[in-house]
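Residue-level structure breakdown
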Amino acid sequence: MFGLFGSKGVTKLRSVYTDYELINQIFQKLKDINNSEIRTRKAIRDNNNHIILTELEKQNQILGMMDYIMKVKSLRIGELNKARENIIKTQIKKLKSDIDTHTKEYKRHISNIKKNEDTRHVEYLNRHHKQRIMQSTEQINHLKKLLEETTKIKNELRKDCKKSIEDSQRIIHNIG
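Residues numbered from 1 in each chain as written. Predicted model: local features only at pLDDT ≥ 70, side-chain atom pairs only at ≥ 80, totals over all residues. Heavy atoms only, no water.

Attention now goes to unusual backbone geometry. A negative phi holds for most residues other than glycine; trans holds for most peptide bonds. Positive phi, normally seen in glycine, also occurs at Asn47, with a value near 60°. According to the relative accessible area criterion, Asn47 is exposed, its value standing at 59%. (Buried < 20%, exposed > 50% of the residue type's maximum accessible area, 1.4 Å probe, protein only.)

Before going further, it helps to spend a moment on the packing of helix 2 (residues 49-112) against helix 3 (residues 119-175). Where helix 2 meets helix 3, the axes come as close as 9 Å, and the angle between the chain directions of the two elements is 165°. One way to sum up the angle between helix 2 and helix 3 is to call them roughly antiparallel. The handedness of the crossing between helix 2 and helix 3 comes out as left-handed. Of the residues in the contact of helix 2 with helix 3, the class split is 16 nonpolar, 16 polar and six charged. (Axes fitted to C-alpha atoms, helices over the stretch in contact; angles between N-to-C directions. Helix = DSSP H or I, 4+ residues; strand = E, 2+ residues; numbered from the N terminus. Parallel < 35°, antiparallel > 145°, perpendicular 65-115°, else oblique. Left-handed = near helix turned anticlockwise from the far one by under 90°. Nonpolar A, V, L, I, M, F, W, Y, C, P; charged D, E, K, R; others polar.)

When you line up the elements, Thr40 lands in helix 1 (residues 19-46). Thr40 has contacts with Ile52, Glu55 and Gln59, leaving out every residue within four places of it along the chain. (Contact = heavy atoms within 4.5 Å.)

Right, dumping it as C-alpha cells:
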C-alpha cells in the first residue's frame, strides 16, 4: 500500500498494524468494555461510587481506542478504494486507446485492399474488427460498473464520516 496515509490531515492515523490485528484489537476492546460494564453494575449494586467512576473512565478510554482503530480501518478502506478507482480508470483509458488504435489499423488495412481481392478476406477483417471492438466495449462497460461501485463506497464512507461528526457534536452538547 504505497502512498497510504499520505495526506497531511491524517498523519495521526498512521498505524503499523495489519487489518487482522486491528480486528483482533477491536475484539479485545469489546471484551474489555464488557468486563468493565460488569464491574460497573456490581459497583452500582454495592453503591461504590469510586469503582463506578473508575470503570466509567476505563470505558471511555476503551471507546476512544476503538474509535481510533475504526478510523484507521475506515481510512485504509478509503485508500484501497481510491487506489482501485485509479487502476480502473487507467484500464478504461487503455482499452479506449486500444479501440482507437485497432480502428485506425483496420481502416488503413481496408483502404489498402484492392477491390478485386478476395471478399472472404474483407469479411474476415470486418468480423474480426467487430468482435474485438465488442469485447473491448464489454470490458469497458464492466469496468464502468466497477467504477460506480468505487464511487458508491466513497460516498458511503463520506456519509458515515459526516454522521460520526454530527453524532460527536450531539454527544458533546448532551454531556456539557
